[in-house]
Amino acid sequence: MFTKYRKVDAVLLGTILILLLIGIIMTYSSSAVKGYLYYEDPYHYFKAELIWVALGLAAMTVALVIDLKLLCQWTKPILLFALVLLVLVKIPGIGKTVNGAQRWIGLGPLSIQPSEVIKLAMVLMMARFLSANSNNIRYFFRGVVPSLGLLGVVCALIMLQPDLGTTLVMAATVFFMLLAVGANLWHMAGLGLAGLGMVAAAIIAAPYRMRRIFAFLDPWADPSGKGYQTIQSLLALGPGGLFGLGLGQSRQKFLYLPENHTDFIFAMIGEELGFIGATLVVLLFFLFIWRGFRTAMKAPNSFLSLLAVGLTSLIGIQAMINMGVVTGVLPVTGITLPFLSYGGTSLLFTMAGAGLLLNVTAADHYEGV
Amino acid sequence: MVQQLKMRKRVVLLFGMCSIFLFVLIIRLGLVQLREGPFLKNLADEEHFRGVPVAPKRGNIEDCNGNVLAMSVSTETAYAVPAEVKKSGRQEEIAMKLAQILDMNKADVLERITKRTSLEYVKKKISAETAAKIKTANLPGIGIVEDSSRFYPNGPLAAHVLGFTGIDSQGLEGIEFSRDKELTGIPGSILTEYGANGIVIPGAEHDFIQPVQGNTIKLTIDKNIQAFAERELAKLMAGQGVNMEGKAPKSASILVMEPSTGRMLAIASAPTFDPNNYQTSNPAARRNIAIQNGYEPGSTFKIITLAASLEEKVIKTTESFTDPGYAIVLGKKIRCWKSGGHGTQTMVQVVENSCNPGFIEMGQRLGIDRFYKYLTAFGFGKKTGIEMSGEAKGILANKKRATALDLATMSIGQTNNVTPIQLLTAVSAVANGGTLMKPQLVQEITSPAGEVLVPFKEEAGGRVIHEDTAKLAREILESVVTNGTGRRSFLPGYRVAGKTGTAQKVGNGVYIQGEYVASFIAFAPANNPRLAILAVVDGVPFYGGVVAAPVVQSVMLDSLKYLGVKPDLNAPLAPGKPMYGVEFPPVKQAAVVPSVLGYTPAEAEAALKKAGFKVAIEGKGSYVVDQIPHGDAKVEQGSTVLLYLGSEAGKNTLAPWFEEDDPDVDAIESLAPRIPISMNPVLGD
């Protein structure tokens, strides 16, 4: 047991813990105003965050010690369970609607997001399926198509909520895993073109989508509507400058920037800690991705390799999309920044995923699964 | 193993892709935070900072000598912070107390103090005592702030020129309106950072932007000359006008211009109002009739006909003209005012006598084309461009449809509709040597520190007639005052040139019998005019020479003396017989005229004869009520003193100095079936 922990990638673990720490501090700084105004308690969100972090650390630990071989065997039931949750969330009385999207299932005082569960389950499933069928992956119909079929079903279920951000992250993650396992680059390029074609068709069918999708390119065209969040995010980053306004000195947190402690926490970091703080966060994610892919290359078998690729991609891509949204290079999609955004199922399952990745880093003594 | 190797390559590829994206992200962060940072910070500040405006002090309006005509004084304003009022939970009680102190309706007060705004004023311009009462009442959410309000220290003086301001000190009329921007200044503000919910950010930054005080507008108006004009108007409106027999006109206006520059020294209209309390005044009284109303000028317009004829050399001063008592144009007989006509006269006498057939002859010699050329050149039918809103353009008869009859009537000042300011501007061109000057109201604009920002700039509209022509016209017009129909504006010791005018008013498309627009226009000194004055008295049963000339005479005399214009030794000392073309004989020996006011005619005659003066008597009555020259005047020994008799000493009840036939009225009456274009006020566009 102890040998295993000694082999856990300390750099990766350190990176995760630093990100988590920055998250705790920034969550408090970002949410104090809201907590005070809505609950007359500046620590309202901070307290909840601490609970979620504690739960997250527990989940990470469990994921770290869990037997990956066993997990591999339980992949199908786990996926099935996640799919059931995904269906349940659409059933009135069980699913909760927040901001027009039915994404949560209430469990006593907590509520969980089935889409977070399915992300992990999907990575597990793809890792197992692709490692078992790595020889077929060169063939489009035998290898790529079944993966896409499963992805299509899951994405369709998520889009019912609707949750475009999660769909994107998952599709990109599967795409990465297919690339990693050796899918034909021409196939993948074709898929990419097909995706673009579909987007083009959707735009031709209803030109208003063009404006909606590309609103982020010129947020000032509709400053109080489509462009609002992007503008407010830029108005946080800009004044931050090189060194930031200083911890706790954000102006945009005074209800100017919505979701400032969740989806737009990166803007808060840019405002209070400046270009230096924001760049540090980007570099920490670079470190995370580097150590994650390094784990994939060092993993003793293709399942573990693919699992590492999948988990690294899942968290890394979500982080990149989130930061892209905040800096205004991507349209607003509504996903959190892993480790940093305020708590919830998102943090819990991100840490579970991180725990699994750490588990893989320590798995080089395993002789196959 | 091949598989593993391939996967490693692919993972490196994926890592490369991610690295590129993260690199792009850092570049983007740099662009947003470092390059665009200052720009975005400005935008963010605009969003976060909200200002409590600090009103600038509105600039003064002064006359040409720096006398303050309009100024800003501090007043108190009661305001409410509705959020605090509601928080106290005592809104009903607060509203009740406030309503009591401010003498307002309780419901109105309640509505104001609970309005959904951050700050709402309850009442502006309250007195210091009321403000003190509110302060001592110590009502939650209610406060007092210093505000400024407009004060016109001279009351109604120059009200139509100055205009007035509204509750927020914004200019609504007159100079207050036209120069609102310069007077207002730029409001400052106290800026504070607010959250999106409208609450001040804890530890917020503050910024104070100083207001830029309004500039001072110095007018060309001279407070004293304006006062002379308004004094005469007040007399007229009170029914105390000279020769008015206790009657008051409907309205009247007096305009004074400096012909050489176009500077307006006075623009006075009656009825008038007090801009301090403009709300309580009759809106009709706020109308600036000197600028906004057109009228048929009558014989005053003959100056234009004369100037054009002299310029085109269609007449000679020595030429003789025989007036048979009428002129026949297109089968229509236009009579001269004097039954039987003036007989044979020189052209100078034609003007002195305001002989209608003579002026019709001038018009005919000019012809329609040339006549219209001068109408346009003298600025009729278009705005003078004086800085007053609502200026009327006047109406000229359509040139394409004008007949010989139109030409004839236009030559004697009928048919066309002009504004008082147009006529004065045109006649000033004759007075100043032939250049049409744009009438000016603003002398200069100075900053609060006294620095001149915009200096005076006269605007010449171009030469209308030659200098020689203008000089000749002036001399002839001087003769009108000395010897002709303008004798009532004669000023001993000053050379005055002028012309009477009487126009019949039109109602429902026909001339109203017995109601006239009496006017007189004059400039002095005739050889180098300092002042041009036009008086228009509307709605009187009297003629221009009778009621308007004394008004002009009075304003002219006071203004000349005030301006320090010395009497001219060459000027005639009493109205007399023709002097045109002859040097005025120098004063051989001066004598002081004794005052005989209040004497019986016999006593007066004895006293004057004893002093060596000749005596002429006007009117009937047992006492002398007026005399020309006045008592103590130094005049030539042996000249004639004109005595006006009245029934009671000290009261102007002498019989009007009516000509048997008035030149203007007669001409009009002879045209009675002919309806002019309009006598109604014409608004500019």
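This text goes with the structure placed above it.
Computed from a predicted structure; not experimentally measured.

In this section: the overall build of chain A. When its secondary structure is counted, chain A shows 14 helices and three strands. Taking the contacts inside chain A whose residues are at least 6 apart along the sequence as the reference set, 72% of them involve residues at least 24 apart. For chain A, the accessible area works out to roughly 15,100 Å², and carbon and sulfur atoms hold 70% of it.

All names here are of chain B. Listed as buried for helix α19 (residues 601-610) are Pro601, Ala604 and Leu608. What you see down the axis of α19 is that its buried residues fit within an arc of 65°, all on one side. Opposite its buried face, α19 presents the exposed residues Ala602 and Lys610, each directed more than 90 degrees away. Residues of α19 that are buried in the fold lie against β23 (614-618), β24 (623-628) and β26 (640-646).

Where interface size is quoted, it is often the accessible area lost as the parts come together. The interface is formed by 42 residues belonging to chain B together with 55 residues belonging to chain A. Of the roughly 4,100 Å² buried between chain B and chain A, counting both surfaces, carbon and sulfur atoms make up 73%. Of all residues in chain B, Met7, Arg10 and Gln33 of chain B bury the most surface against chain A, accounting for 15% of the area lost on that side. Run the count over chain B and chain A and you get one salt bridge. Note that Glu193 of chain B and Arg251 of chain A form a salt bridge whose closest N and O atoms lie 2.7 Å from each other. Among the elements that make up the side of chain B that touches chain A, the one with the highest residue count is helix α1 (residues 2-35) of chain B (24 residues). Its residues assigned to classes, the side of chain B that touches chain A shows 23 nonpolar, ten polar and nine charged.

Our focus in this paragraph is the packing of helix α6 (residues 114-132) of chain A against helix α13 (residues 302-326) of chain A. All names here are of chain A. Interhelical geometry of α6 versus α13 gives an angle of 145° and a closest axis separation of 8 Å. The way α6 lies across α13 gives a crossing that is right-handed. Seen from α6, the contacting residues are Lys119, Leu120, Val123, Leu124, Ala127, Arg128, Leu130 and Ser131; seen from α13, they are Ser302, Phe303, Leu306, Leu307, Gly310, Leu311, Leu314 and Gln318. Residue composition of the contact of α6 with α13, by class: ten nonpolar, four polar and two charged.

All right, on to the side chain of Ser149 of chain B then. Tracing the chain through its elements places Ser149 of chain B in strand β5 (residues 142-151). Setting aside residues no more than four positions away along its own chain, Ser149 of chain B makes contact with Met71, Ser72, Val73, Thr75, Lys125 and Ser169 of chain B.

What follows concerns the packing of aromatic side chains. In the structure shown here, the tally under the stated rule is twelve aromatic pairs over all chains. Relative to Phe15 of chain B, the ring of Phe286 of chain A lies with its centre 5.5 Å away and its plane at 35°, an arrangement referred to as tilted. Taken together, the positions of Phe286 of chain A in helix α12 (residues 265-298) and Phe15 of chain B in helix α1 put the pair across two chains. Phe286 of chain A gets classed as partly exposed once you look at its relative accessible area, which sits at 28%. Residues Phe164 of chain B and Phe273 of chain B carry aromatic rings whose centres are separated by 5.8 Å and whose planes lie at 90° to one another, so their mutual orientation is edge-to-face. Highlighted residues: Phe164 of chain B in the loop between α7 (159-162) and α8 (174-178) and Phe273 of chain B in the loop between β10 (263-270) and α11 (289-292), separated in sequence by 109 residues. No difference in accessibility class separates Phe164 of chain B from Phe273 of chain B, as the two residues are buried. Three or more aromatic residues joined by ring pairs make a cluster, and in this case those are Tyr28, Tyr43 and Phe46 of chain A.

Further remarks concern the sheet that holds strand β6 (residues 188-193) of chain B. By definition, the strands of a sheet pair up through backbone hydrogen bonds, in either a parallel or an antiparallel sense. All names here are of chain B. Taking strand neighbours across the sheet as the criterion, the three strands line up as β1-β6-β7 in an open arrangement whose pairing is antiparallel. The strands lining the two open edges of the sheet, one partner per strand, are β1 (49-54) and β7 (206-209). Between one strand axis and the next, the sheet turns through 20° on average, direction left out of account. Note: β6 against β7, four bridges, orientation antiparallel. Within β7, the residue paired with Leu191 across the bridge is Asp207. Sitting on the sheet, helix α2 (residues 37-48) is in contact with β1 and β6, with an inclination near 60° to β1.

The rules we used
Residues numbered from 1 in each chain as written. Chains lettered and ligands numbered in written order. Predicted model: local features only at pLDDT ≥ 70, side-chain atom pairs only at ≥ 80, totals over all residues. Heavy atoms only, no water. Helix = DSSP H or I, 4+ residues; strand = E, 2+ residues; numbered from the N terminus. Contact = heavy atoms within 4.5 Å. Areas by Shrake-Rupley, 256 points an atom, 1.4 Å probe, with all protein chains shown as cover. Buried < 20%, exposed > 50% of the residue type's maximum accessible area, 1.4 Å probe, protein only. Arc of directions from axis to C-beta. Buried area = accessible area lost by both parts, 1.4 Å probe. Salt bridge = Lys/Arg side-chain N within 4 Å of Asp/Glu carboxyl O. Nonpolar A, V, L, I, M, F, W, Y, C, P; charged D, E, K, R; others polar. Axes fitted to C-alpha atoms, helices over the stretch in contact; angles between N-to-C directions. Left-handed = near helix turned anticlockwise from the far one by under 90°. Phe/Tyr/Trp six-rings, centres within 6.5 Å; stacked < 30°, edge-to-face > 60°. Pairing = 2+ DSSP bridges.

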